[in-house]
Amino acid sequence: MGDEKVSPFLVFIAVIAVAVSLFSLGLIYLSANTLFSQISGRVTNGETNLTVNTQTEINFTTRAIGWGNGRVNQDANSASLTTFATNNVTGGNWTLTTAGGLRIENIGNVNVTLNLSVAKTAVTFIGGTSPVYQWNLTNVEAASCLNSSQQNMSDRMNSWFTATSANTGNLWCDVFPFNSAKDTVRVDFNITVPENSLTGALGDIITATVTAL
Amino acid sequence: MKKKYLFFMSQVLPETTAFRLWSTSITRNLCYLTNFCATKSKDFVCIQKTSVNQTPHFSVNWHIVFLIILFCSFTVSASLGISPAKEEIDFTPGAVHTFNFIVSSDDPNKKIKIYFDGDLAEYAVSNVEDIVGSGEVIVTLTLPNSIDPPGDHALYFRAIESPPEGEFLGSRIDIGAFVKVFVPYPGHYALLYMDFPDGNVGEIINVGLAVYNKGTQPLNLRRSKVEIYSSQTFVKTLDLPDIDLSFAGGYNHRYSFNSSELLPGEYFSIASVETPEVWQTNGTFRIGSLFMNITYFTTNISGNSIQPFFINVQNLWNNDAKDVYANVNITNSSGQSVAYMRTPSVNFAKWEQKVIQGFIDPTGLKGNYTATVELNYLGKTTIVSGQFFVKSINYLLYSIIAFALALLLLALYYFFIKRRPRK
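Presented here is a report on the structure given in the accompanying data block. Predicted, not measured: the structure shown is a model, and the values here were computed from it.

## Overview of the sheet that holds strand β12 (residues 204-213) of chain B
All names here are of chain B. The three strands are arranged β10-β12-β16 in an open sheet whose pairing can be described as antiparallel. Edge positions in the sheet fall to β10 (190-195) and β16 (250-258), since each of these pairs with one other strand and no more. Sheet twist, expressed as the mean angle between neighbouring strand axes with direction ignored, is 15°. Strand direction decides the pairing type here: β12 and β16, joined by nine bridges, are antiparallel. When the sheet's bridge partners are listed, N206 is paired in β16 with S256.

## A look at the sheet that holds strand β19 (residues 292-297) of chain B
Residue and element names in this part refer to chain B. In spatial order, the strands read β19-β21-β25; together these three strands make up an open sheet with antiparallel pairing. The open sheet is flanked by β19 and β25 (353-360), the only strands paired with a single partner. Between one strand and the next, the sheet's axes are offset by a mean angle of 30°, whatever the strand orientation. Examined bridge by bridge, β19 and strand β21 (residues 307-315) share five bridges and lie antiparallel to one another. Among the inter-strand pairings, I294 is bridged to a residue of β21, identified as V313.

## Points about the pairing of strand β3 (residues 96-105) of chain B
Residues and elements named next belong to chain B. Pairing of strand β1 (residues 78-83) with β3 involves four bridges; the strand directions are antiparallel. Paired with L80 across the two strands is S105, which belongs to β3. Pairing between β3 and strand β7 (residues 135-142): eight bridges, direction antiparallel. Among the inter-strand pairings, V96 is bridged to a residue of β7, identified as T142.

## Some words on the interface of chain A and chain B
Each partner contributes to the interface: chain A provides 35 residues, whereas chain B provides 32 residues. Broken down by secondary-structure element, the contributors of at least two residues to the side of chain A that touches chain B are β1 (56-62), β2 (64-65) and β11 (204-212) of chain A. With nine residues, the single largest contributor to the side of chain A that touches chain B is β11(A). Looking at side-chain class alone, the side of chain A that touches chain B contains 15 nonpolar, 17 polar and three charged residues. Of the pairings in the sheet, the one linking β11(A) to strand β9 (residues 169-183) of chain B comprises eight bridges and is parallel in character.

## Regarding the nonpolar core
Membership of the largest hydrophobic core comes to 63 residues, with the highest contact counts inside it found for A:A208, B:I82 and B:L155. Considering every element that reaches this core, the biggest residue donor is β9(B), with seven residues. Beyond its immediate stretch of four places on either side in the chain, B:L155 contacts B:F116, B:G118, B:L120, B:A121, B:A124, B:L141, B:F178, B:V179 and B:V181. B:F297, B:V313, B:L316 and B:I330 belong to the second-largest nonpolar core, a separate cluster that totals 24 residues.

About the cut-offs
Residues numbered from 1 in each chain as written. Chains lettered and ligands numbered in written order. Predicted model: local features only at pLDDT ≥ 70, side-chain atom pairs only at ≥ 80, totals over all residues. Pairing = 2+ DSSP bridges. Helix = DSSP H or I, 4+ residues; strand = E, 2+ residues; numbered from the N terminus. Axes fitted to C-alpha atoms, helices over the stretch in contact; angles between N-to-C directions. Contact = placed C-beta atoms within 7 Å. Nonpolar A, V, L, I, M, F, W, Y, C, P; charged D, E, K, R; others polar. Core = buried A, V, L, I, M, F, W, Y, C linked by C-beta atoms within 7 Å. Buried ≥ 20, exposed ≤ 12 C-beta atoms within 10 Å, placed from the backbone.

Pasting the structure below:
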């Protein structure tokens, strides 16, 4: 092995190959350096722009209540109508169409105030001797109706109040949240129709006044 | 088939809900529609009547029934909304502002009236007074030259549905968005909001101090600083740069500091700026460390059956801690282990206090022992120990007492009732 003579031509070729390799390595370095300087960098400050609009919106998931046609039973002095799921007609032959009361949901993305009012009194709505027109505000989802301190309302909920066109009969929530887990309330009604009530198509309108907070 | 169905309805149900549904506009008879949909049995009852009184040549077109149910699903609910819900501007005398409100409802035929409320209602006009369904309303607010008193004033932009017709108890929505107009206070008036978040020892904490000029004069904020106190003891001052705020302007100071200078615990911070009047706000923050404190554990149980063992733990780390569990070892006066338990693993949110519960079997134990609670979390351990008392229930004693009471009641019955002389 050591005695073999190295061809000068092969030595020349090897030197040329090493030189070309070094030149290529330099070109790759320069190219990569240029490329990296163009496609990479260090971000020192960034900004994103996203606007979410505020929306105040409520939905009466149940918007009307009716008992259809009917009358007070002949052997009764009055009939009692409620919006409960069972025993919702006593002393009459009406049929409740949708049990569960009026249901109101905050489907916006801001908290709102909710004020409920009626347009009539028991006398102007039902008439007769000792008519009853009452309503009751309750949570469908816990903590849906809060006072201004964000605590559960205690004074205008979970009790029957006389519904009247005067503001004294109103029901309200100082804060009606939009959180999807606590944004639904219901209003039930308790109506007593005396045998000498008004006749024909009776009706009243419940207005939900809502204002963004 | 539809004509046949309608003919049947008109013959059999001339005064009922279904006929009115088909003979009049659906949108004007939501009550009847709702009645019909909600009590499909009513329809069925009517059909049964026909089979008695008339020749029953009726068959249900299920496509129509489906459409009726579909209509019902649209009409049992009603929504009304306004976007944006609120706008805020600063008062400038005589300025004219324009706002675009989108009123939306789920009923394209719903009649909606637009009106204004609030103490600035007289200065607002809209391009329309009524819309049907949904639409955009352009509101122009022309502010007067002065508004008293200074502070917040409001313009409420409201939309109210027209009253429903033909319903026993119908509903409508009156919804409002608002434009808040802030009237600046005379002279210098700075409003400060500080954001001093909790952190852990050694972390960089970003403190925010926003200053708003709510007065009529420019503010030159000098000697702005945040002072940190621990239990009334001054700890550190964060100095903030001088800023000049023009009328209605605002600036948000951001300051980062390394909390390694602070010990774990609760701190009180006071932010102040001079204009040259001094304006301040304050708050509290916590510096946490990787430590979970055992604040209480059960020290007294009865020894006749397996009993719950409670450990109150507070996470003093400003991060969540997962898989936290405790080993409880009961030892006697000789140091020998007489009972042992391990609690299930629970997760803690940052700074959360929680009770960990396990069950221990004290069978055969009675008297004083030593309980050692070893709390394991995130590779660390907190160990506390204390006296542990096991009381035994003496069933024999309770039985004797119960027996004696029964005898006493029997004796009373015999002497006062049984032996009462008869009249």
